[in-house]
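Given next are the chains, with one letter for each unit.
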Amino acid sequence: MKSSRTLGLVMIAPAAIMIVLFFLMPVVLTAVFSMTNMTTATGISGGVYQIAPSSLIALKSALPEIATEMAEPRYTIDEAGLTAVEDLGMAPGIVAELRAKHIGEVFPARRDVERMIKDLTERPSTREVKQISEQFNRSVLNTRFDSKQQLFSALDSLGFKLTPEQKETVAKTTYTGWTWTTDNFSRMATSPDMARVLFNTVLYVALVLMLFNVGYALLLAIWTHYMPPTSASIFRGIWLLPRITPVVIYVMLWKWLAWDSGFISVLMGKFGYPPKNYLLDTAYHAWFFVVLINGFIGASMGMLVFSSAMKAIPKSQFYASEVDGASRWQQIRYIILPQMRWPILFVTCYQTLSLLASFNEILLATNGGPGNATEVWALSAYHTALRNYAGNLEYGLGAAMALVLVVIGVTLSLLYLRVFNYGTLVAKPLIED
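All of these numbers come straight from a predicted model, not from anything done at the bench.

Rules and cut-offs
Residues numbered from 1 in each chain as written. Predicted model: local features only at pLDDT ≥ 70, side-chain atom pairs only at ≥ 80, totals over all residues. Heavy atoms only, no water. Helix = DSSP H or I, 4+ residues; strand = E, 2+ residues; numbered from the N terminus. Contact = heavy atoms within 4.5 Å. Phe/Tyr/Trp six-rings, centres within 6.5 Å; stacked < 30°, edge-to-face > 60°. Buried < 20%, exposed > 50% of the residue type's maximum accessible area, 1.4 Å probe, protein only. Lys NZ or Arg CZ within 6 Å of the ring centre and 35° of its normal. UniProt positions renumbered as here; feature names shortened; annotations may be inferred. Salt bridge = Lys/Arg side-chain N within 4 Å of Asp/Glu carboxyl O. Pairing = 2+ DSSP bridges. Lys, Arg positive; Asp, Glu negative; His and termini not counted. Arc of directions from axis to C-beta.

### Concerning the environment of Gln 131
- When you line up the elements, Gln 131 lands in helix 7 (residues 126–134).
- If near-sequence neighbours (up to four positions away) are discounted, Gln 131 is found in contact with Leu 88 and Met 90.

### A closer look at unusual backbone geometry
- For the peptide bond that leads from Gly 369 to Pro 370, omega is -5 degrees, which places it in the cis range.
- Secondary-structure assignment places Pro 370 in the loop between helix 19 (360–365) and helix 20 (377–385).
- Positive phi outside glycine occurs at Asn 367, with the angle close to 55 degrees.
- With respect to the secondary-structure elements, Asn 367 resides in the loop between helix 19 and helix 20.
- One non-glycine residue with positive phi stands out, namely Asn 372, at about 65 degrees.
- Structurally, the position occupied by Asn 372 is in the loop between helix 19 and helix 20.

### Quick look at the packing of aromatic side chains
- The full count for this structure, using the stated rule, is 14 aromatic pairs.
- When the centroid spacing of 5.4 Å and the interplanar angle of 85 degrees are considered together, the rings of Phe 288 and Phe 289 count as edge-to-face.
- Each ring, one from Phe 346 and one from Tyr 350, has its centre 5.9 Å from the other, and the planes form 20 degrees; the classification is stacked. Note that Phe 346 and Tyr 350 are positioned in helix 18 (residues 341–357) at a spacing of four residues, about one turn of the helix.
- Residue Tyr 350 is classed as partly exposed on the basis of its relative accessible area, which comes to 43%.
- Following the ring pairs from residue to residue traces out a cluster consisting of Phe 212, Tyr 216, Trp 223, Trp 239, Tyr 250, Trp 254, Phe 288, Phe 289 and Phe 296.
- Its guanidinium or amino end placed over the ring of Phe 160, Arg 74 lies 4.1 Å from that ring's centre, counting from NZ or CZ.
- Sitting above the plane of the Phe 152 ring, Lys 167 keeps its charged end 5.3 Å from the centroid.

### Some thoughts on the UniProt feature "transmembrane region" (unreviewed entry) in the protein chain
- Under the feature "transmembrane region" (unreviewed entry), the UniProt entry names residues 7–33, 202–226, 238–257, 284–306, 342–359 and 395–417.
- Helix makes up 100% of residues 7–33 and strand 0%, and the two end C-alpha atoms of the span are 38 Å apart.
- A distance of 33 Å separates the end C-alpha atoms of residues 395–417, which is 100% helix and 0% strand.

### Remarks on the pattern of salt bridges
- Per the counting criterion, the structure on display carries 13 salt bridges.
- Among the ionic pairs, Arg 99 bridges to Glu 79, the shortest N-O distance being 3.2 Å. Here Arg 99, found in helix 5 (residues 92–101), pairs with Glu 79, found in helix 4 (residues 79–87); they are 20 residues apart in sequence, far enough to count as distant.
- Given a relative accessible area of 32%, Arg 99 falls into the partly exposed group.
- The salt bridge partner of Asp 156 is Lys 167, with a shortest N-O separation of 4.0 Å. Placement of Asp 156 in helix 8 (residues 148–157) and of Lys 167 in helix 9 (residues 164–174) is noted, with a sequence separation of eleven residues between them.
- Ionic contacts of the salt-bridge type, sharing partners, join the residues Arg 110, Glu 114, Lys 130 and Glu 134 into one network.

### Focus: the sheet that holds strand 4 (residues 137–138)
- A sheet is described by the order of its strands in space; here three strands give the open sequence 3-2-4, paired in antiparallel fashion. With one partner strand each, in any of the chains shown, strand 3 (106–107) and strand 4 form the two edges of the open sheet.
- Strand direction decides the pairing type here: strand 2 (residues 74–76) and strand 4, joined by two bridges, are antiparallel. Residue pairing for strand 4: Tyr 75 is matched across the bridge by Asn 137.

### Focus on the environment of Leu 279
- Mapped onto the fold, Leu 279 is located in the loop between helix 14 (263–269) and helix 15 (283–311).
- When the C-alpha positions of Leu 279 and Trp 259 are compared, they lie 6.5 Å apart, and in sequence the two are 20 residues distant.
- In this structure Leu 279 touches Lys 255, Ala 258, His 285, Ala 286, Phe 289, Ala 365 and Thr 366, once residues within four positions along its chain are discounted.

### A word on the side chain of Glu 375
- By the secondary structure assignment, Glu 375 is in the loop between helix 19 and helix 20.
- With no salt bridge to any partner, buried Glu 375 finds its closest opposite charge in Arg 196, at an N-O distance of 10 Å.
- Discounting residues that sit within four places of it in the chain, Glu 375 has contacts with Val 197, Asn 200, Asn 367, Gly 368, Ser 380 and His 383.

### Things to note about helix 8
- Those residues of helix 8 not exposed but buried are Leu 151, Phe 152, Ala 154 and Leu 155. Down the axis of helix 8, the sector holding all buried residues measures 160 degrees, keeping them to one side.
- Positive phi appears at Gly 159, one or two residues downstream of helix 8, with a value of about 85 degrees.

Structure below.
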């Protein structure tokens, strides 16, 4: 018995590893990334501290005076500057006096340091004063620092007297790497664009699921159930074409149908209508084609599942109902539909999760257009994290949006199990031993 258990664990180990690597780990990493502000600008590794023009703009709202001072150069009498002055071939007394009397001094403006240079014992000429002062020009603007300590040391050397709170504000504003944050979820909760995308997603899933993936698929299964076997097989094979056709070719066929040079425009041109792109000319037309494109794919799978489930119904029930004079509608209502609860649960749950996460067809057909009218949540997450027109990809926000889909999917799955009374579907059969 023990050896059998060991063998079972060994046999199931590859599957368990695959589940951990390709299901659990992506979900965990998505949750981790959703709590960061990772973008193209921050990168995915640690950043540096840099007082750039963009960070100064952000700093002005919190520390306007300090931000203004940082934007201007300061003049510091240091050894590097004195060495540079010596290299200019100035009088030795100038460097000696600067080192003896003014080493370490910081001047907030050029006129101040030039006034000090002019007051030296060996008064240099106006041209020499400007040359000397330029050697002490120091600025933290666009300088990269690997740590807070280096940033604060540079600011201290330039005479910036900052409180600990001000230093933390400067560090937070000038840091170019990613940080831990929950702002992604706040943005989703308050953004009107996200509300529109959520509405689009609910509309998309509801229409495709009810009209095609479950409704029309069940209708197709019932039709083929009463057809001769050969005709039914051919009919099902035809309906499988949208699913087995590569998605790029499949969507291109729809575009050929709806484009301004496509079949519909050519046909309508015979009646005097000008050609137009029926796929993208209005939001209503875009939604019409989006639902059809995805619906035909989803209906094929539901049809196969429902057809297989109907074949499992004992034929004796149909024969008995015919003897009792039952019509086709009565067979559907009292024999087929009551025994389709489990297949309907499976198809509804599976297709809901599939529609929530799918965006390939919408991406290729409308790319969320016109004007983001068909932008669904999964497509918006893709645009946010991996591809957008602005160029700054927001990995953290995209991961947060993907995590929302995971939570919604799990919640809906539990809701479906509750609605369809899953416990009775898997209960032990009431058969005596």
